[in-house]
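Take a look at the letters that make up each chain.
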Amino acid sequence: LATHVPGAKCGFDYLPTAALQDMGEHLLHVLLSTLHNGAIEKSRLGFQAIAHRLLCSGEEQRKLPRQWAERLLGRMSSMDTGLVVIRRSGQLTYSLLALLLAEPAHLPKTLAPYVMETLLAAASTSDPALIKTRVHALNCLRTLFLNTDLTADLAPYIAPALTLAVRGFVD
């Protein structure tokens, strides 16, 4: 609804940045704490819309989605994630998917390279102590590559991902 307001370039133009940040933080909390795939998917759409609005804004507002991505990837990488994980790392996967889909088409992509390089590095670890991190990263990569809206943005990462997949049969 907010994207159809007359005169709104990216939707939510009438809300202050602090309100968008609060809504984004709340939706991120919902995404990470919900165990129902349907609720996660609907929360993802709201989170994506808020991230898109922030990414269409000024320099300061554009930093917030990057901070969310850093927090999500850091949480994935920590030994004690605190995540109650549902099928295929759904909470983490949908949160990252929302951020990548939120990047405006008319601006250079900054989140996709950061997220993909971090996921590929985490997925390539052979340290047995980091097996959960590797599994989360592989689950995220799988979902991101399956999303047809991200095909062009993720094309440079297909070869390294295929190499990881083949290597996974040996590890």
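Residues numbered from 1 in each chain as written. Predicted model: local features only at pLDDT ≥ 70, side-chain atom pairs only at ≥ 80, totals over all residues. Heavy atoms only, no water.

Enquirer: Sorry if this is basic, but what is going on with the overall build of the protein chain here?
Expert: When its secondary structure is counted, the protein chain shows eight helices and zero strands. Looking at the protein chain residue by residue over its 171 residues, the buried ones come to 42%. In the protein chain, once contacts between residues fewer than 6 apart in sequence are set aside, the share between residues at least 24 apart is 66%. In the structure as shown, the protein chain presents an accessible area of about 9100 Å², 60% of it carried by carbon and sulfur atoms. (Helix = DSSP H or I, 4+ residues; strand = E, 2+ residues; numbered from the N terminus. Buried < 20%, exposed > 50% of the residue type's maximum accessible area, 1.4 Å probe, protein only. Contact = heavy atoms within 4.5 Å. Areas by Shrake-Rupley, 256 points an atom, 1.4 Å probe, with all protein chains shown as cover.)

Enquirer: Please explain the packing of aromatic side chains as it appears in this structure.
Expert: Geometrically, a pair of aromatic rings is defined through the distance of the ring centres and the angle of the planes. By the definition in use, this model includes one aromatic pair. Taking 5.1 Å as the distance between ring centres and 45° as the angle between the ring planes, the aromatic pair formed by Phe-47 and Trp-68 counts as tilted. Within this pair, whereas Phe-47 is found in helix α2 (residues 37-55), its partner Trp-68 is found in helix α3 (residues 59-77), the two being separated by 21 residues in sequence. Here Phe-47 and Trp-68 have matching classes, each one buried. (Phe/Tyr/Trp six-rings, centres within 6.5 Å; stacked < 30°, edge-to-face > 60°.)

Enquirer: Sorry, what's going on with the pattern of salt bridges here?
Expert: Side chains carrying opposite charge are able to pair once their charged atoms draw close together. For the structure shown, the criterion picks out six salt bridges. Note that Arg-62 is salt-bridged to Glu-59, the shortest N-O span being 3.1 Å. Of the two residues, Arg-62 and Glu-59 both sit in helix α3, three residues apart, roughly one turn of that helix. In this structure Arg-62 comes out as partly exposed when scored by relative accessible area, which is 31%. When its relative accessible area of 53% is taken as the criterion, Glu-59 is described as exposed. (Salt bridge = Lys/Arg side-chain N within 4 Å of Asp/Glu carboxyl O.)

Enquirer: Can you walk me through the side chain of Thr-125 in this structure?
Expert: Residue placement: Thr-125 occurs in the loop between α5 (111-123) and α6 (131-146). On the basis of relative accessibility, which here comes to 17%, the residue Thr-125 falls in the buried class. Of the polar contacts made by the side chain of Thr-125, one reaches the backbone nitrogen of Asp-127; its length is 3.3 Å. Each residue touching Thr-125, except ones within four places of it in the same chain, is listed here: Leu-130 and Arg-134. (Polar contact = N/O pair within 3.5 Å; in protein donor to acceptor, adjacent residues only side chain to side chain.)

Enquirer: Help me understand α5 in this model?
Expert: Turn by turn, an α-helix covers 3.6 residues, leaving residues three or four places apart pointing in a common direction. Taking 1.5 Å per residue as the helical rise, α5 with its 13 residues ought to reach 18 Å, and the 18 Å between its terminal C-alpha atoms agrees with that figure. All buried positions along α5 are accounted for by Leu-111, Ala-112, Val-115, Met-116, Leu-119, Leu-120, Ala-122 and Ala-123. One face of α5 carries all of its buried residues, which in axial projection span an arc of 160°. (Expected span 1.5 Å × (residues − 1). Arc of directions from axis to C-beta.)

Enquirer: I would appreciate a short explanation of the packing of α2 against α3 in the present structure.
Expert: The relative placement of two packed helices comes down to the angle between their axes together with the axis-to-axis distance. Packing of α2 against α3 brings their axes to within 7 Å, and their N-to-C directions diverge by 135°. Taken as axis vectors, α2 and α3 run oblique relative to one another. Here α2 contributes Phe-47, Ile-50, Ala-51, Leu-54 and Leu-55 to the contact with α3, which in turn contributes Gln-61, Arg-62, Leu-64, Pro-65 and Trp-68. Split into classes, the residues belonging to the contact of α2 with α3 amount to eight nonpolar, one polar and one charged. (Axes fitted to C-alpha atoms, helices over the stretch in contact; angles between N-to-C directions. Parallel < 35°, antiparallel > 145°, perpendicular 65-115°, else oblique. Nonpolar A, V, L, I, M, F, W, Y, C, P; charged D, E, K, R; others polar.)

Enquirer: Would you take a moment to explain the confidence of the model for the protein chain for this structure?
Expert: Caution applies to low-pLDDT regions: their predicted coordinates should not be interpreted in detail. For the protein chain, the mean per-residue pLDDT works out to 83, and 84% of the residues sit at or above 70. In the model of the protein chain, helix α1 (residues 17-33) stands out as the element of lowest mean pLDDT, 86, in contrast to α5, which has the highest, 95. (pLDDT = per-residue confidence, 0-100.)

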